[in-house]
Structure formats: C-alpha cells, structure tokens
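Tertiary structure, described
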Amino acid sequence: MSIEPSTPAGAPVPVGGPRVPQRKRRDERDPRLPLADLFSPSKAQTLWESLPDDHRQDHFDSKNMPADYAQAFRTVKVGEGGQWTSQAVSMRRLPREMIWELAWFIHHEVADGHVVNGPRLQATRIGLELVTQHGTAAGRAARSVMAMSVEDWVQEIRRARMRLGKGEVGAYVEDFAAYMIKRIQDRLVYAYHEGPWWQLNVWNPMLDPRIPLREHEPQGRHRANFSQLTSVWLREACKWWLSTQLINGHYVWSSIKSRLDAFKWFQWYLDEVGCAGPHLVDDVRDLRPLTRGFVESLRQHTVMSGPNKGGRLAANGLRQPLITVETFYRWMFDNAREAVVLLEEPRWLRLTSHHTVLFRPEDKPRQVNKLADDLALEEDVVNQIAAGSELLALPKNEGGIGDVQAFHALMLQIRTGRRMSEILLMDFEPLSPLPHSTLEAKASAESSGGFVARLAYQQTKIETSQPATIPVDAEIVAIIRAQQEVARQMLSEQKNGDGVLPRYLFLRSRGNRLGRYPYPAETYQARLRDLTQRLNVTDSMGRPVHISKTHRFRHTRATDLINAGVPIHVVMRYFGHLTPAMTMHYAKTRSEAAEREFLRYKKITADGRVAHDNPSDMFDLLHLDQRADRILPNGWCLLPPKQVCAKGNACLTCDKFVTDASHRDELRRQLDDTEKLISRRQSQFTARHGEPMSSANVWLSGRTAEITALRKVLIALDEVVVRRNGQAHAVRGAGTPDRPDPISEEE
C-alpha cells in the first residue's frame, strides 16, 4: 500500500522536520504475498510426490511409522493414569491437499532435526476438520492450510465450536492450532513461492534454502521482515538491492538487519513528511531541505532502551542510517533502467546525480572507535570471574544456573581470547595434532603446560587467507573433550540414536535432534548477565564488571601477550588480524594503567612547591629511552638524560627531585629513620668528643636539610589532601629556600 504524502509533493521540508516517532516498532508477522494466491493443487501434489514412498501416508502410528520418524515424534501418555503411550498422528478426514501439505510439513520438520509435537498437531487437525466440515461457506471451501490467514483460521474454529456446542471440543484447540498453522504456513510459503526469493517480504534462511549463507553464519535473528517499509517503491527496491549485495558477497546475512533498520528510520521520516516517490521531491531544489530534515529528526530522537536510554543517538548510530540510505540511492541511480523493468516502477528514472550525494560531510558524524580505558581486565578480576563461573554449571536445584555449555564456552573465551561467535560456531571436533619431533617432546609439553594441539575456530568477521587455528595447551583440550561429552549426552537424551555426530560443539538445546544448530548467542549472553548479577565483580576502581561483554576477554588476552613481549606479527596471526593497526587496538597494556596512576597525583618539591610541568610530559621524559635510572624509591628525578648527577644520594636537597602522595609511606619512613640516625650519631659523637655536633657540621647539616625537606613534603601533601576535599594530588620540588604557598596561588 502506497503512502499518501502528508505535504504536497515537492514541498520544502523545514529544517529539523518532524521527529521520528519515539517508539520501537516490533516486527509483525506479514503475509509476504497473499497466501491463497500461492496455493495450487498441482503445487501441493508436487510436494506430496517429493516425499519417499513410505512417508506418503495420511496417518502415522506404530504400524506404519518410518524409522526416522520414530525418533522425532514426541511420545504422549494416554489412557487412564497414562497407562500406555502413543506416537500416532492422523490427518484423515481432511481435504486431500491438506493431507499432502501436512505430510510434507512433518517430513521437513523431522529432516531439520525438530521434534514433532503430536498433541499440538492432533489439535490442529481437529481444528482444521471442524472448519472444513462445520465452518462457514468460506471455511468449508478451504482446500489448503494456505487458504486463510492464521487469524481467520482461529476465528473459523471458534465459530465452528460454537455451532457444535462448547462442550464438544476444548478451547485449547484454538491456541494449539494458531501456533501450528503459523508454523506450517511459514514452511509452505517458501515451498509454494515460485519467483525470486527476494520478492518475499519476510526472509528466513532457516526455512528458505535459496537465501545465500556462509558455511558458518553467526546465529541471531533468523528473519528479515520488510513489511514495515510501507512505501511499495522503497520496500521492493530495498529487497532487490540487499539481495544483490548478499548474492555478490558484499554483505553477509548478519549485516542485513542493520541495513534494514536504517530503512525503517527513513520510512518513519517519510511517513511524517510525505514524499513524491523514489525521487523524493519533484523539484530538485527541495531535495536538500528534505534530507537535512531527516538528519535533524535522527539527531532529535530520544533513545528508548540500552545504555544510552533517555539520551540521543550516538555518533555511530546516527551515521549508519545516513550511509546506508545514501549508498542505496547511489546504487539505484546506477541501475535505474533495470529497476524500471524489474520493479515495474518508472519513477526510478527521475533520479539525478543529486540523489547520489544525499548528505553532506557535516551531516555525518565522524566514525567513533574510541576504546574505553577499562577493556583489559585486571588479573584479580579475571581470577574472580573464573572462580565464580562454576555457578554456570551448577544445577539449578543447588543454587546454580544449570548451563554447563555456557560454563565451557566462558572458560574457552577467557583462556583463548576468541570472539563469542568463534567459540559458539566451532565444529564438533575442532582439535588437530600439533607436530612434535619426538614422543618425549610431546610428553614434556603436556607436563609443562605447553602447547599440545591446534584449535580451529570459525572466523566469521574477517576474511583472511591465514588458517583459523591457534595452538592450545592440555587444559583447553580437556575443556573441549568435556564439552564433546555434553553434546553427545544431549543428543542421546533426545533419542537421536548412536553414531550420529553433531555439526557443532556447542548445541542449541531444543529442536536440535541432529545437532545442526549451534548454541544461541542470545542465550549465552543471558546466562552471563545472570552470572554478573550473582558475582557482582568490581575492578580496582570500584566499577562493576559486566561479564556479558565478552569482547573484554579478547582485549585482556591481547594485553597479556603484548606485555609478555610476543612480537606484534605473532599476535596478529593469533587473533586473525589483517593489519598491525587492528592488533594495536587491543594493545591496552598495563603501562597505560601505570601512566594513569602516575597522573592521578600532582608532583611537589620538598618545600611544597607544585610542579608546573605538564604531567604527561613528565611521564614521557621519565620513560623515553628506558630511563629507569631516573625512577627513585621515594619519587622521580627530572635531570635531563645526558646530564650526570654529582650530588650522590642528596635527592631531597635537589630541585630536580619530585614526589607525590603515592610515596607518603616511604617518605614518612625515611623521615623517622633519618631522625633516629641523627640521634644515634649525636650520642656517638658526644661520647667520643665530649660535646654534640654543631649545626655547622657538614654531615649534620646535610641530614638536617633532608629532614627539613621531608617535613615540608609531608606537610604539603597533607595540605593538598585536605584542601582538595580529600582527593589525593601530588606536588614537586626539593631543598630550595622557602617560597610562597603554591596552593594558595593556584586557588
């Protein structure tokens, strides 16, 4: 259905434009194409004839149940007290074409590893039978499950029940039938549709094998629903463009949703202001006001959920819709003539070169890739998470979360630094031998914690010619073997039979008899959110650590490798990066943490003078050229690198000496020791010479200067703490005459 413009076609749109609706629309199920138009008796017969001979039955019970069906049908206890069981499913007394459709549906449910829910299927059969025998004229004329929408079927079932009397059939039939009819139609719509797959308004690669997918595609939302693009010209063109990019490999399936979301933003804006069609405005001079209004509507949008709830869209969230819409229009301009024929929309020819650059550089925020300063987890935090992660595997009746798969996945992420998808999409057997020159070398590696095997993971983010494998130790091998046993047990409990190996190491727990579907990322993150709440881990700054942000384990692993001196090109290969720049994103080494600690405190001299040097410059001067000789037990020396100190250990009387509050304890200890040393030496001097040392004594004057400097430093540090509301700063200087109070000057 086309959108009626709310303003005259081509009318300028005020800058700022109407705001995007402040609500998040849910994907609603769309009929794709009129269901009844997809059906034909010949198509139904083709589906029936595609089944193996022994699978073409109008009922299944213990006498004619195919061997592969027996494991898939859910056994139901029937009779008084559940004394006997039944796997029977009957489709008799239904129209012939419906029998064909239901038999075909059952076959593909079994083939895809799902469990056939007999009670629901039987209730659905009862509902269909009620309608086709006792329903309205339209219901009695229905020959296919596709004849009506789910809502119409439920309404027809309700009417038939009322005609027969409410006691004849339970109300549960309506609920069961609604679920199963939707599921049946979801499968049949792709089987019945004969045109290009992209013409459907709902794309589901799990049910439509025509949609191109990579061999290992990250699992997530299986459907892409275009029904919210209510402008027909926009919806059809978007489907064509995205399908072409998917087929050509420019986009992957996991990218489709974000692109589709961008068009939803654009559609909501067009709903508010109206437009003239694909060309948007009749007068090209009105194009800039319209596109500027779209930019402003995005900038004014209030985020309704997530960490930025109540605020505005982040820079990347604002940039993505603009880039997507502009890229789409550029492509449509280049392919306008083909669009006229394929989409039957002649207005695409009205695009001009102005449509290829809809937004100006100032409209698009710069892409922000700023990394947080706490991505690399501290060693103590990692240890706390590892120690508490057993809650994932602990059964629920013992107070745990009851998901051993999530426990194994988390252990692998912590130890290897792999992405979540790289772990959850691993093959069932991901290990291969690591060559050893001798058996003794292999045994030595195992006993010493060295590498004993190679682990293959699924690299789904970056295409690289390098093999997606890393060396692993015996501990990781043990985790893999334990998870393999869990996977085998899961298949055994679903009565899958012996000898069938799953495709993935981590498995979806439901509807996965053959092990073809991996453990869902959404489930994994939900488990880790639960673990986060239970453990309540915080870092050294008191900030809560969200375990569900698993990419932090990758940053942590990269930090550990770089800190250990592993060459950058080896780290690149370990993480599957293409360039050193990608690897350096992860190089949040502990030296940066040391720098932050250094900059927390202002630097002072012994007489309490605040150092006015730039703290960052001071840090650089101390560390360039590996100047470890300038780092002192109680502070730092700012003497230039080519100058030699001639004062020996007289740092406390040198104006190149700086210190801060982090050294208060050492300075206090040094003051106490110096005072005790003076007292002891005075006693010795008096005993030998009969009188104490005078203040002019060269040794005593030096020590007295040190005590004076230490007292001034400690007094200055205490004053800084008090006068800065208790927040520790630091100051600089030593051994110079008294000067005006720098703190008073500064404040």
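Attention here is on the structure that accompanies the text. (Residues numbered from 1 in each chain as written. Predicted model: local features only at pLDDT ≥ 70, side-chain atom pairs only at ≥ 80, totals over all residues. Heavy atoms only, no water.)

Some thoughts on the nonpolar core
The cut-off we apply is this: We call a set of buried residues a nonpolar core when its members are Ala, Val, Leu, Ile, Met, Phe, Trp, Tyr or Cys and they connect through side-chain atoms within 4.5 Å of each other. Buried residues are those whose accessible area, probed at 1.4 Å on protein chains only, stays under 20% of the maximum for their type, while exposed residues exceed 50% and partly exposed ones sit between those limits. For the purposes of this entry, the term helix denotes a DSSP run of H or I that reaches at least four residues, the term strand denotes a run of E that reaches at least two, and both are numbered from the N terminus. We call two residues in contact when some of their heavy atoms are within 4.5 Å.
With 53 residues, the main nonpolar core has Ile385, Leu410, Met426, Phe506 and Tyr524 as its most contacted residues. The element best represented in this core is helix α19 (residues 474–493), accounting for eight residues. If sequence neighbours within four positions are ignored, phenylalanine 506 has contacts with Gln405, His408, Ala409, Leu412, Ile423, Leu424, Met426, Gln483, Tyr517, Pro518 and Tyr519.

Brief notes about the side chain of threonine 132
Using the following cut-off: Side-chain atoms alone can form a polar contact between residues adjacent in sequence; in general such a contact is a pair of N or O atoms within 3.5 Å, and within protein one must be able to donate a hydrogen while the other accepts it.
Tracing the backbone shows threonine 132 in helix α5 (residues 118–134). Assessed through its relative accessible area of 12%, threonine 132 is described here as buried. At 2.9 Å, the side chain of threonine 132 and the backbone oxygen of leucine 128 are in polar contact. A polar atom in the side chain of threonine 132 sits 3.3 Å from the backbone oxygen of glutamate 129. Among residues more than four places away in sequence, those in contact with threonine 132 are Pro95, Met98, Gly139, Arg140 and Ala142.

Quick notes on the pattern of salt bridges
Here is the rule we go by: Definition used for salt bridges: Asp or Glu carboxyl oxygen within 4 Å of a side-chain nitrogen of Lys or Arg.
Here the structure, examined in full by the defined rule, presents 39 salt bridges. With a shortest N-O distance of 3.3 Å, glutamate 129 and arginine 93 are connected by a salt bridge. With glutamate 129 in helix α5 and arginine 93 in the loop between β4 (89–90) and α4 (96–111), this pair connects stretches of sequence that are 36 residues apart. Note on glutamate 129: relative accessible area 10%, which makes it buried. A salt bridge links arginine 554 to glutamate 422, with the nearest nitrogen and oxygen atoms 3.8 Å apart. One end of the pair, arginine 554, is in helix α21 (residues 551–563); the other, glutamate 422, is in helix α17 (residues 420–424), and 132 residues separate them in sequence. Judged by relative accessible area, which is 0%, glutamate 422 ranks as buried. The structure contains a network of salt bridges with shared partners spanning Glu109, Asp112, Arg183 and Arg187.

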